[in-house]
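Analysis of the macromolecular model
Listed below, chain by chain, are the residues.
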Amino acid sequence: MGILEFFWQLDSGLLLWFQSLRQEWMTPFWKVVTSLGDGGWFWIALALIFLCFGKTRKAGIAALLALAVGALITNIILKPAFARIRPYEMIDGLILLVEKQKDFSFPSGHSCASFAAATALLGHLPRRIGIGLVILALLVALSRLYVGVHYPSDVLGGILVGIGAGCLAGRVVKPAS
């Protein structure tokens, strides 16, 4: 077995294991959480709200910048470059809980957007709020595995791109002193 085959089997096995944890009573929760990342709407709305107030304006700017950088890297550069087929098209036994996606799988755009915004906001907001947003970002990322639209490596890739975009935005838009 080659290294690529090993990693594909590991990725697929982890996804199927994660899906084995599904419980019917949890499914509505995970569907709502995953919808927060659809088109980045929740994070964009949150950033726009922050823009409305002088005290949080820089936080809103940082979040929007992070979202833009993350979207550019994920959707314009990486997804077309890797052109990874979604797991529900490749793995027998995987059950999709949401509609089929229209783009490629790697990296996860939901994970990227969530971590980009949360990372940028972490340095601009009170710590407890920032940590709460990072936890929400993690839930959005995990939801992509639960609903069956991403491999774990897609989610990890999206998280890493998002953190990078958020850190870059945090360096460009310095928090208010």
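See above for the structure.
Note on numbering: residues in each chain are counted from 1, in written sequence order. Confidence filtering applies because this is a predicted model: local features only for residues at pLDDT of at least 70, side-chain atom pairs given and counted only at 80 or more, and all residues used for totals across whole chains, interfaces and linings. With hydrogens and water stripped out, all remaining heavy atoms of the structure feed into the side-chain values.

1. Digging into helix α4 (residues 57-82)
Rules: Segments assigned H or I by DSSP are reported as helices when at least four residues long, segments assigned E as strands when at least two residues long, and all are numbered from the N terminus. The span expected for a helix works out to 1.5 Å for each residue beyond the first. The quantity called bend is, for any residue, the angle between two axes fitted respectively to the seven residues ending at it and the seven beginning at it. Residues are treated as being in contact if the distance between any of their heavy atoms lies within 4.5 Å.
The terminal C-alpha atoms of α4, which comprises 26 residues, lie 36 Å apart, in line with the 38 Å expected from a rise of 1.5 Å per residue. Most pronounced at Thr-74, the bend in α4 amounts to some 30°. Summarising the contacts, the buried residues of α4 are in contact with α3 (41-51), α6 (109-122) and α8 (152-172). Positive phi appears at Ala-83, one or two residues downstream of α4, with a value of about 45°.

2. A closer look at the side chain of His-150
We count it as follows: The buried label applies to any residue whose accessible area, calculated with a 1.4 Å probe on protein chains only, is under 20% of its type's maximum; exposed applies above 50%, and partly exposed to all values in between.
Turning to its location among the elements, His-150 is positioned in the loop between α7 (127-146) and α8. Residue class for His-150 comes out buried when judged on its relative accessible area of 1%.

3. Quick word on the packing of aromatic side chains
Here is the rule: Whether two aromatic rings pair depends on their centres lying within 6.5 Å, for rings of Phe, Tyr and Trp, where Trp uses its six-membered ring; planes under 30 degrees apart make the pair stacked, over 60 edge-to-face, and the rest tilted.
Taken as a whole, this structure holds 6 aromatic pairs when the rule is applied. Arranged with centres 5.3 Å apart and planes meeting at 70°, the rings of Phe-6 and Phe-7 form a pair that is edge-to-face. On the basis of relative accessibility, which here comes to 47%, the residue Phe-7 falls in the partly exposed class. For the pair Phe-82 and Phe-106, a centre-to-centre distance of 4.8 Å together with 70° between the ring planes defines the contact as edge-to-face. Here Phe-82 is found in helix α4, whereas its partner Phe-106 is found in the loop between α5 (87-90) and α6, with 24 residues between them in sequence.

4. With respect to the nonpolar core
The criterion, for reference: The set of buried Ala, Val, Leu, Ile, Met, Phe, Trp, Tyr and Cys residues whose side-chain atoms join them within 4.5 Å is what this entry labels a nonpolar core.
Core analysis: the largest hydrophobic core is formed by 34 residues, its most contacted members being Leu-15, Trp-43, Leu-46, Leu-121, Leu-125 and Leu-133. Among the elements that take part in this core, α7 stands out by supplying 7 residues, more than any other. The residues contacting Leu-125, other than those within four sequence positions of it, are Phe-50, Thr-56, Ala-59 and Leu-133. In terms of nonpolar packing, the next biggest core, distinct from the first, is built from 8 residues, Ala-116, Ala-120, Ala-165 and Ala-169 among them.

5. What to know about the layout of surface pockets
Keep this limit in mind: Only protein atoms enter the calculation, which uses a 1 Å grid: trapped sets of points that fit a 1.4 Å probe without letting it out are cavities, open sets showing protein on both sides within 12 Å along at least five of seven lines are pockets, and any residue with an atom within 4 Å of a point is a lining residue. Grid points are joined across faces, edges and corners, and a volume is the space filled by probe spheres set on the points. Residue classes follow a fixed rule: Ala, Val, Leu, Ile, Met, Phe, Trp, Tyr, Cys and Pro count as nonpolar, while Asp, Glu, Lys and Arg count as charged, and any other residue, Gly among them, counts as polar.
Considering only enclosed or pocket space, the largest pocket measures out at about 270 Å³ in volume. Taken together, 19 residues make up the lining of the largest pocket; nearest its centre are Gly-37, Gly-39, Asn-75, Gly-109 and His-110. Going through the elements one at a time, α4 and α6 are the ones with two or more residues in the lining of the largest pocket. With 6 residues, the single largest contributor to the lining of the largest pocket is α4. A breakdown of the residues in the lining of the largest pocket according to their chemical character gives 5 nonpolar, 10 polar and 4 charged.

6. With respect to the packing of α3 against α4
Which entries qualify depends on this criterion: All axes here are fitted lines through C-alpha atoms, helices being fitted over the stretch that makes contact, and every angle between N-to-C directions spans 0 to 180 degrees. Roughly parallel means an angle under 35 degrees; roughly antiparallel means over 145; roughly perpendicular covers 65 to 115; every other angle is labelled oblique. Crossing handedness is read from the near helix: turned anticlockwise from the far helix by less than a right angle, it gives a left-handed crossing, and turned clockwise, a right-handed one.
Two numbers describe how α3 lies on α4: the axes approach to 7 Å, and their chain directions differ by 150°. By the angle between their directions, the pair α3 and α4 is classed as roughly antiparallel. The handedness of the crossing between α3 and α4 comes out as left-handed. Across the interface between the two elements, Trp-43, Ile-44, Ala-47, Leu-48, Phe-50 and Leu-51 from α3 touch Arg-57, Gly-60, Ile-61, Ala-63, Leu-64 and Leu-67 from α4. In the contact of α3 with α4, the residues fall into 10 nonpolar, 1 polar and 1 charged.

7. Concerning the side chain of Thr-74
Looking at the secondary structure, you find Thr-74 in helix α4. Among the residues examined, Thr-74 registers a relative accessible area of 1% and is labelled buried. In contact with Thr-74, not counting residues within four places along its chain, are Lys-79, Pro-80, Pro-107, Ser-108, Gly-109, Cys-112 and Val-161.

These figures come from the coordinates and say nothing about function on their own.
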